[in-house]
Structure formats: structure tokens, C-alpha cells
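Here is how the chains run, residue by residue.
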Amino acid sequence: MDNESLESNTKIKEDSELSKEEKLARVQEDYETFLQTRTFKFPSWLYGPIQGKLIKVEIEDCPNFGDKAFVEFDSARTAIIVVDMQIDFCGKNGYVDVMGYDLSLTAGPIKPIKNILDAVRDGTDIKVIHTREGHMPNLSDLPYNKLLRSKIIGKGVGIGDKPEGGEGQLLVRGQKNWNIVDELAPMDGEYVIDKSAKGAFAHSDFGVTLKKLGITHLIMTGITTDVCVHTIMREANDIGYWCILLKDCTGATNQENYEAAIKQIKMQGGVFGWVSDSNKFINAIKDGFNV
């Protein structure tokens, strides 16, 4: 199938509805475009015409380490995902603090995330979705093995317990320490998804929300890089979402784990998506919206 016949076939389909021949022809065309432009073009043939602004952000170490490439996305079909930036994970006497980890590693992303939120909140149509991990007050949605492990690593203080000097029961919905930190508090019109697991698709309304909003591209931020952020990014990638992780907008309880998680994403030309940073993303927003 040549380019002219591809363009004449304008019916927008779900990815799963494409025939083998259509899919192979489209990927050949986009492959040749990538070789010429080093850009993962936004596939309007799949999703329809651009609804917002066409944004192009630089990504690193793609397709090989040391290379540079770009990803295009439609601002109206893009969401910033802010994963679990809660007091329990980056605040004093929260869950991570009780486990004995360095809070500076999980609190480090707060300022870069605030910077990108300021950028997208200032007149763009990019959606913002926050997630919170936590369990029902009666702990009915808390697996026993997770509870037991938390008790052991917390030296007797686990999920559902209130630590000395704490503001509430650890990782329990409705408790003050379960809330998102003040610096990144959701604004009116933003979405907050409550989940009881590391991932977000199986035990929350996250997937339904993405579909309802027509989202195709996810900008991943939050904590922790190697656990909840990675899990959600892997889930999303498997379904077909295009994911970009902003490396300075995420952190882990261990620096080596953080670095390994970043490297894992970059393997195989971007096995779960791609990696960029807040400055590149903000510059792309400014260029796209002519700020």
C-alpha cells in the first residue's frame, strides 16, 4: 500500500481493528519518517486530527544510548500523571519515613513537578491526573501479605497504625498523611484517582478516566520511580499509551533503584516509553503554545 492509498483511507480505527497489512504499511511509513526526522510523529491517521496544539518534546538515549530523538503529542489528548505525591511517601512521620528511608529522595521531585504543573496550568489544555495510594479505613482492600511486610519493615508500625508524632494512620484513606503534599495540591478541574495497589488500572477508575478524556499520551511524574510509577507506566504501555517519564520529576527510596528504573525504560529503544526532563518538557510547551 503506497502513501497515496494510505492517505485516502481516512477512516479512524481502534488500533486493534487494523488489519495486519494496514498495520505493517503504517509502521513502515512512520519508520521511514523517523529515519528522516528522528521524531515519533503523532499518528493522526489513528487518533484523528489534532484537537489541541502539536507539541514536540526531546527525549534522551533513544533509540540507542547517546542518541537524541523527539516525540510529538496532541496537547488535548495528553495528561500529566502525578503519582502518589502524598505525605505518606515524602513527608515527616509518613509511611516512607517510618520505614527509615531518606525523605530527600522522595521529596526531591516536588519542585520540578510544581514547575511543570505551573506551565500546563497556564492556559494549556493538557489534563492533570493525580493518584493516591491508600486503603479503606476497615482495611478490607489491604492484602494480608502487604500488611505483614509493612509491619516488619516499620519495626512494629505498619499500614493502619499511627506512628509516634504522626498525623494519622499510615496509608489509610481520609487521614491527613494520606493527602497530597500542599505544594502539589490538585486544582479545580484536575482529576484525583484513589488506588489501593502499586498499579492504577486494575483497582481504580484510572483507565476509565483516560478513555473518557480521550488520552493517548501520558507524561509520567511522581514516586516512587521503581515501584508505582514504573508499574503504571508498564501497564499503560501494554495497553498502547505513549509514555514519557520526566526523570527529575520522579524519585525512589534508593538512588541505585532510581537510576536502574530510568535505565530500564531506555532499553530496547524505549521498552516502556521514553525519558525526558522538566526543562525539555516546559520548553516544548512554550514552543507549542507560542508562550
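About the thresholds
Residues numbered from 1 in each chain as written. Predicted model: local features only at pLDDT ≥ 70, side-chain atom pairs only at ≥ 80, totals over all residues. Heavy atoms only, no water. 1 Å grid on protein atoms, 1.4 Å probe; cavity = no way out; pocket = protein on both sides within 12 Å on 5 of 7 lines; lining within 4 Å. Points joined across faces, edges and corners; volume = space filled by probe spheres on them. Helix = DSSP H or I, 4+ residues; strand = E, 2+ residues; numbered from the N terminus. Nonpolar A, V, L, I, M, F, W, Y, C, P; charged D, E, K, R; others polar. Buried < 20%, exposed > 50% of the residue type's maximum accessible area, 1.4 Å probe, protein only. Pairing = 2+ DSSP bridges. Expected span 1.5 Å × (residues − 1). Phe/Tyr/Trp six-rings, centres within 6.5 Å; stacked < 30°, edge-to-face > 60°. Lys NZ or Arg CZ within 6 Å of the ring centre and 35° of its normal. Axes fitted to C-alpha atoms, helices over the stretch in contact; angles between N-to-C directions. Parallel < 35°, antiparallel > 145°, perpendicular 65-115°, else oblique. Left-handed = near helix turned anticlockwise from the far one by under 90°. Contact = heavy atoms within 4.5 Å. Salt bridge = Lys/Arg side-chain N within 4 Å of Asp/Glu carboxyl O.

- As annotated in an unreviewed UniProt entry, the protein chain is Cysteine hydrolase from Marine Group I thaumarchaeote.

**A word on the layout of surface pockets**
Item 1. The volume enclosed by the second largest pocket comes to roughly 360 Å³.
Item 2. Forming the boundary of the second largest pocket are 18 residues, of which Phe89, Tyr95, Met99, Lys198 and Val227 lie nearest the centre.
Item 3. Those elements that provide at least two residues to the lining of the second largest pocket are helix 5 (95-99), helix 8 (144-153) and helix 10 (225-239).
Item 4. Grouping the amino acids of the lining of the second largest pocket by side-chain chemistry returns 9 nonpolar, 4 polar and 5 charged.

**Thoughts on the pairing of strand 7 (residues 217-223)**
Item 1. Burial of strand 7 is extensive: 7 of the 7 residues sit out of reach of the surface.
Item 2. The alternating pattern of strand 7 places His217, Ile219, Thr221 and Ile223 on one face and Leu218, Met220 and Gly222 on the opposite face, and all of these are buried.
Item 3. Two elements, strand 4 (residues 78-83) and strand 7, share 6 bridges in a ladder whose sense is parallel. Within strand 7, the position partnered with Ala79 by the bridge is Leu218.
Item 4. Bridge count for strand 7 against strand 8 (residues 242-251) is 6 bridges, and the pairing is parallel. The partner of His217 across the bridge, within strand 8, is Trp242.

**Regarding helix 2 (residues 20-37)**
Item 1. For helix 2, built from 18 residues, the straight-helix expectation of 26 Å at 1.5 Å per residue is met to within 8% by its first-to-last C-alpha distance of 25 Å.
Item 2. Residues of helix 2 that are buried: Glu22, Ala25, Arg26, Glu29 and Phe34.

**Topic: the packing of aromatic side chains**
Item 1. One pass over the structure, following the stated rule, counts 8 aromatic pairs.
Item 2. Ring centres 4.8 Å apart and planes at 45° place the aromatic pair Phe34 and Phe40 in the tilted group.
Item 3. Judged by its relative accessible area of 11%, Phe34 is buried.
Item 4. Feature note: the residues Phe34, Phe40, Trp242 and Trp274 constitute an aromatic cluster, connected by ring pairs.
Item 5. Positioned over the ring face of Phe70 is Lys56, at 5.1 Å from the centre of the ring.

**Regarding the packing of helix 10 against helix 11 (residues 255-266)**
Item 1. Relative to each other, helix 10 and helix 11 sit at 20°, their axes nearing to 10 Å. As judged from the angle between their axes, helix 10 and helix 11 are roughly parallel. Note on packing geometry: the crossing formed by helix 10 with helix 11 is right-handed. Contacts between helix 10 and helix 11 pair Thr225, Asp226, His230, Met233 and Arg234 from the former with Asn257, Tyr258, Ala261, Ile262, Gln264 and Ile265 from the latter.
Item 2. Looking at the contact of helix 10 with helix 11 residue by residue, the class counts come to 5 nonpolar, 4 polar and 2 charged.

**Concerning empty space enclosed by the protein**
A probe as big as a water molecule, rolled over the atoms, marks out the empty space that is left.
Item 1. According to the stated counting rule, one finds 2 cavities of 30 Å³ or more in the structure shown.
Item 2. In this structure, the second largest cavity encloses a volume near 30 Å³.
Item 3. Along the walls of the second largest cavity sit Glu60, Asp61, Cys62, Ile265, Lys266, Gly269, Gly270, Gly273, Trp274 and Val275, which together make up its complete lining.
Item 4. Mapped by element, the contributors of at least two residues to the lining of the second largest cavity are helix 11 and strand 9 (274-276).

**A few points about the sheet that holds strand 9**
Item 1. Spatial ordering of the open sheet is given by 6-5-4-7-8-9, a layout of 6 strands whose pairing is parallel. In the strand order of this sheet, the two ends are held by strand 6 (191-195) and strand 9, each with one partner. For this sheet the average axis-to-axis angle between neighbouring strands, irrespective of direction, equals 25°.

**So, the pattern of salt bridges**
Item 1. Under the definition given, this model contains 16 salt bridges.
Item 2. Across the pair Arg26 and Glu29 runs a salt bridge whose closest N-O atoms are separated by 3.8 Å. A residue pair is termed a helical-turn pair when its members lie 3 or 4 positions apart in one helix, as Arg26 and Glu29 do in helix 2 at 3 residues. Across this residue pair, the class does not change: Arg26 and Glu29 are buried.
Item 3. A salt bridge links Asp161 to Lys151, with the nearest nitrogen and oxygen atoms 2.9 Å apart. In this pair, Asp161 is assigned in the loop between helix 8 and strand 6 and Lys151 in helix 8, connecting sequence segments 10 residues apart.

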